[in-house]
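Summary of the model geometry
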Amino acid sequence: MNKVITAFITLIISLLLSNCSSKIKVEEQVLNQNWLIASSKDLKEDAKMISSESINLDKWTKASVPTTVLGALVEAGVYKDPFMGNNLEKIPRKPFENTWWFRNSFDMDGFDEAKENLSLLIDGVNYRANFWLNGKQIASKDTVFGAFRQFELNITNAAKNGKNILLVEVFPPKVRDFYMGFVDWAPTPPDHYMGIYREIRLKRSGKISINASFVAPDVDTKDLTKATLIITTELTNHHNETKTVEIIGQIEEIKFSKKVTIAPHQKIEIKFSPSEFKQLNIKNPRLWWSNGLGKPNLYTLNLEVRENDISQDRQATKFGIRKIETYLNAKNVRGYKLNGREVLIKSAGWVDDLFLRYMPEKDAAQIRYVKEMNLNSLRFEGIWGNNQHIYDLCDENGILLMIGWSCQWEWPDYLGQELKIKPGDENLPINVGVDLYAVKLTPSEETLLSDYFRDQVKWLRNHPSIFTWAGGSDAMPKPSLEKRYLETLQKYDPTRPFLTSSGEFESTLTGKSGMKMNGPYEYVPPVYWYEDKKLGGAYGFNSETGPGPQIPPIEGIKKMIPTAELWPPENKTWNYHSGRKDFNTMGIYLKALNTKYGTPKDLEDLAFKAQLMNYEAIRPMFEAHVINRPTSTGVVQWMLNSPWPEFYWQLYDYYLMPTGAYYGTKKAANPINIIYNYFDNSVHLSNDTREKLKHFKAEIKLLDQNSTVVFEKTTNIDLAENATKEWLKLPQLKDKNQVYFLDLKLKNTSGTIIADNFYWLSTQTDKLDWSKYFWFYTPQKQYADFTPLNHLPTTKIKAEKSIISSENEYEITLKLSNFSEKMTFFIETELANSSTDTAILPVFWSDNYVSLLPHESKILTVKCFKKDAGNKEPIIRIRGYNLSEKMKL
C-alpha cells in the first residue's frame, strides 16, 4: 500500500514539474534605463573587453534611452545650460565626429533557448550601428543603418540565462545621409542627432511568435451604425519543424480563433475577415471622433498564439473604429472626411526636443494644450516621436495627424551639400524653387526612403489619429518612388489616403495634391487672411502658414537671453534665438509692433505688447479659415511648438509658457463661434459641431475709446451643424486716429455664454503692399494705429479667487469685476508659485488676456499640477493694459 501511495505521489510531482517546465515566459521589455555612453576616442578596449562584467566607469557617462549623444551629455551636466545665449554654438563639434559606445545589461532569468525565442527590436538609431551581445557581434553597420529603418534581430543563440551585456557602437551621419533635422526652425546641434533616439526593446516568447498585428476598420457612413474589421498579424515559426498552432483573438466580448499550420522558420500573414468571421461585423460601434466632433473612442485587440494549449506569444493592440476619406472639390482643393463628415483641419506643426530626449510629461502637457486650444490636428513634418507615446496621446485626445517626410531631404544644404541658387531665384515660390534645386535621388537612396516608409507605416498604422501619409513636404516624390509608397500602403495600410506632397504639385500617378504652401511665415496683419486670394489667404488647404514670430512673456525671454543682452532686442543673441536663413531677425515683426502699438520703453513693456500683437495676429488666421469653409478645408499654423527656446513660430514657448497667440488660437478655434471679418467688416456665426444650434442669441456692442456704446444689437439665431452664416455688417468707424472696441457674444437658450470675442479696431487700418512680393510674406504700406491704447483712462478691478484641491491638481476660480465707467483692456493673468513667485508651467487657463466692459464681470478657471506648484496653493498675478496697478492674490 505504501509503495502505491509513494508511486502516486511521485507521478503527481512529475506531472506538476512537467507542467511548470512547459510554461513559457512571454514579455516585452524596454531598455530605457541604466545605459552608459562613452566616446570611442576615450576607450582603448575592443568590443569584447567592453562587454565584460567589469569595466572602468571613469570614462563612461550615465544615460537613458531614447537620446542623442549630446542630449545624454547635457542631462549628465557635461555641457551646462546649452539653451542660454549662444552656449549651443560654443559646444565643440570634434567630439562627435567619431563613434560612441552605448552599453546596457539586462537579465533573462530562466531563459531556455530550446523552448524560447528572444528578439532585439531596434526602433531608431541615427545613423549606423554595430551591435554586440555578450561579446558576440549580432549586427553590423553595413545592415543596421538609416535613421528611419527599424530592425528585428533574433538573439536567441547569443543570449543566456541570467545577466546579459548589450553593446552598441553608434556612427554619426555623414553628408547626404538621410536623417532627422529642424531645417530653418533651429540650429543644428554639433552631434547631428547621433544616438539611439527611439526605443530598444526585448521581445521574449515561445518558438512561435506574433508581430505587427493590424486592425483595418471600415464604417458605413450612411448612418454610422455598422462597421467591419479586418485583422492581420504576422506569425513566425522559429522551430526546426512544422507546427500547428491556434491563434485566438478577443475584442471586448467578441471572440474568434483559427488553427494554422506553419513550416519551419516560416513567416506568414494570418487574416481574420468579416466574411469568414461574422462577429467582425460590428453593430453600433463606438466611433473615434476628432476633438470637437465627439469622443475619441478606443478598443483593444488581444491576440494569443497557443501550441498544445501552451501560450507561445501574446500581443495587445489599441485601435479606433473610424473611416478617413479624401476628396478634391470643384477648385481642385483637397479636403478630408471623418466618418462621412467633412472636417475643417485646424492644425499646427509639431516638433520634438532639439536633443530628441524622451519627455513624456511634457508631451502629455502639450497635447492637452492642443486639445484645450480647440485644435483638432497636428502636422508632423518628419515622423516625430521617441516611441508610440505621442501617437497614443493623440489617439486618446482626438487629435488628427498628418504624418510625412520633412523638407530636410529635399534641399541639398540640409543634407550638408552646397545649395547654389542663381541670382534672381532667391524669391521663387517654394514649389517652383524646389523643382530647380531639389535633391535628386539615386536608385539606392530611393530604395532607402521606400524602406523608411514601409517601416514607419507598419510601426504606426494602428493609430486612428493618423489621417494621411505625406510623401513629400516642399517637393513630391518622383513617380518611381511614389509608386513604391503606394504599393506599401496597398499592402500594409489601405485605410488611409496617400498625399503626394504638402505643397502644390500634380502627380502622374495620384493627380493634384490639392494643397498649397505659399506662406506667409512672417508677420502679416489680420486683414491679410481675408483679403488675399492668391497666396496664403483663407482658401484651400494651407499646409503651413502663420504670422511669424511669437515673443513669449518676459520670464521666457529671460530663460534664453543673458541679462546683459536683454535690451535692446535687435542684437546677435536675440537673432540667434530666431529662425535660420530668412528668419534670423525679428525686424519685420518689431517694426510692425513699434508702429502699431508704440515703441516699447523697456523689456517688460515689449513682452506685454508682444502678447497683444501675438493675439491680434493669430486669431484672424484661424477665424478666416473657419468662416470661409468649405472654400477653406484646412490650415496648419507654422508652428505649434519650438524644439528649443526661441522667438519664432510657437503658440507657447519651449518651457510651456502660453503666448498671446495660444489664447488667440483657443478663441478662434472654438467649435461654436462668433467672428469679425477684418476685410469687409462683417460679423459671422459658425457651428463646427454635429448638433444644430436652436434659439441662440447673438449680441454685439461697439464702443469708442471713451467706452461709450455707439452700436448694439441682439438677434435670435438658428444654425445648422457644420455651417456658417453672415449676421451683419459693422457700421463705419468714424474720425481719425480713433480706436473702437467690438464685443461679440453668443448665448444659448438659458443665457449662458457659449462663445465670445473681443476686438480692438482702428480707424487707420492696415494696408498691404500687393505691388511687392516676397516668398515668405507680403509687406505693408500702412499700419493700423493703436497708439491711443497707451492713453486709455486707468481703471481698477476687483479680483476674487477660490481654490479646489484634488489628488494631483489645483483648480482655481478667478472672478474679475469692473465697477468703473471705463473699459479695462487686455488683462493678463499668470499663475505663480507662492514661494518663488515664478510662473507655474504647464498651466491650463479657460481664457486669458480678457477685457472687461464697464460694470462687467468674467469668471476664469485655471488648473495646474500640484507638484509644479511645489504642493502649495498658487498665487495669481494680474496686470492690464490700463489697470492702475498690478495685482497679486
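Residues numbered from 1 in each chain as written. Predicted model: local features only at pLDDT ≥ 70, side-chain atom pairs only at ≥ 80, totals over all residues. Heavy atoms only, no water.

Taken N-terminus to C-terminus, the directions of helix H14 (residues 603–627) and helix H15 (residues 660–668) make an angle of 25 degrees; their axes are 7 Å apart at the nearest point. Considering the angle they form, H14 stands roughly parallel to H15. As for the relative orientation of H14 and H15, their crossing is right-handed in sense. Note on element contacts: H15 touches H14 through Gly660, Ala661, Tyr663, Gly664, Thr665, Lys667 and Ala668, opposite Gln611, Asn614, Tyr615, Ile618, Arg619, Phe622, Glu623 and Val626. Residues that form the contact of H14 with H15 fall into these classes: 7 nonpolar, 5 polar and 3 charged. (Axes fitted to C-alpha atoms, helices over the stretch in contact; angles between N-to-C directions. Helix = DSSP H or I, 4+ residues; strand = E, 2+ residues; numbered from the N terminus. Parallel < 35°, antiparallel > 145°, perpendicular 65-115°, else oblique. Left-handed = near helix turned anticlockwise from the far one by under 90°. Contact = heavy atoms within 4.5 Å. Nonpolar A, V, L, I, M, F, W, Y, C, P; charged D, E, K, R; others polar.)

Attention now goes to the pairing of strand S6 (residues 116–122). Among the 7 residues of S6, 7 are classified as buried, and the element is accordingly described as predominantly covered. Neither face of S6 is open: one carries Glu116, Leu118, Leu120 and Ile122, the other Asn117, Ser119 and Leu121, and all of them are buried. Direction of pairing for S6 relative to strand S12 (residues 200–206): antiparallel, over a ladder of 7 bridges. Bridging from a neighbouring strand, Ser119 pairs with Lys203 of S12. Where S6 lies against strand S9 (residues 151–154), 4 bridges are found, and the strand directions are antiparallel. (Buried < 20%, exposed > 50% of the residue type's maximum accessible area, 1.4 Å probe, protein only. Pairing = 2+ DSSP bridges.)

Attention now moves to the side chain of Arg103. In this fold, Arg103 is placed in strand S5 (residues 100–108). Separated by 2.8 Å, the side chain of Arg103 and the backbone oxygen of Ile50 make a polar contact. In contact with Arg103, not counting residues within four places along its chain, are Asn34, Trp35, Leu36, Ile50, Ser51, Ser52, Glu53, Ile55, Trp60, Ile165, Leu166 and Leu167. (Polar contact = N/O pair within 3.5 Å; in protein donor to acceptor, adjacent residues only side chain to side chain.)

Spatially, S24-S32-S31 is the arrangement adopted by the 3 strands of the open sheet, whose pairing is parallel. Unpaired on one side and paired on the other, strand S24 (345–348) and strand S31 (540–545) mark the two borders of the sheet. Neighbour to neighbour, the strand axes of the sheet diverge by 10 degrees on average, direction disregarded. When S24 meets strand S32 (residues 632–637), the two strands line up parallel, connected through 4 bridges. Directly across from Ser347, in S32, lies its bridge partner Val636. Along the sheet face, H14 touches S24, S31 and S32 and points at about 160 degrees away from the line of S32.

Going through the model one piece at a time under the given rule, you end up with 55 salt bridges. Between Glu97 and Lys94 there is a salt bridge, and its shortest N-O distance comes to 3.4 Å. A single burial state applies to Glu97 and to Lys94, both of which are exposed. For Arg149, the salt bridge identified is with Asp455, shortest N-O distance 2.7 Å. Of this pair, Arg149 sits in the loop between strand S8 (136–139) and S9 while Asp455 sits in helix H8 (residues 443–460); the two residues are 306 residues apart in sequence, bridging distant segments of the chain. The class of Asp455 is buried, set by a relative accessible area of 8%. The network of salt bridges with common partners includes Glu555, Glu830, Asp837, Arg877 and Lys888. (Salt bridge = Lys/Arg side-chain N within 4 Å of Asp/Glu carboxyl O.)

Right, let's get into the sheet that holds strand S49 (residues 887–888). Overall, antiparallel pairing links the 4 strands, which are arranged S46-S44-S48-S49 in an open sheet. Of all the strands in the sheet, the pair left with one neighbour each is strand S46 (850–852) and S49.

Before going further, it helps to spend a moment on the environment of Leu509. If you trace the backbone, Leu509 turns up in the loop between strand S29 (506–507) and strand S30 (511–512). On the accessibility criterion, Leu509 (44% relative accessible area) is partly exposed. Sequence spacing of Leu509 and Glu828 is 319 residues, and the spatial spacing of their C-alpha atoms is 52 Å. Leu509 has contacts with Pro479, Glu482, Lys483 and Leu486, leaving out every residue within four places of it along the chain.

This paragraph deals with helix H7 (residues 430–437). For H7, the complete set of buried residues consists of Ile430, Gly433, Val434 and Tyr437. Buried residues of H7 fall within an arc of 100 degrees about the axis and therefore sit on the same side. When the buried face of H7 is taken as reference, the exposed residues oriented beyond 90 degrees from it are Asp435 and Leu436. (Arc of directions from axis to C-beta.)

Below, the discussion takes up the confidence of the model for the protein. When the pLDDT values of the protein are averaged, the result is 96; 98% of them are 70 or greater. Across residues 6–21, where pLDDT falls below 50, the model places 1 contact with residues more than four positions away in sequence or in other chains. (pLDDT = per-residue confidence, 0-100.)

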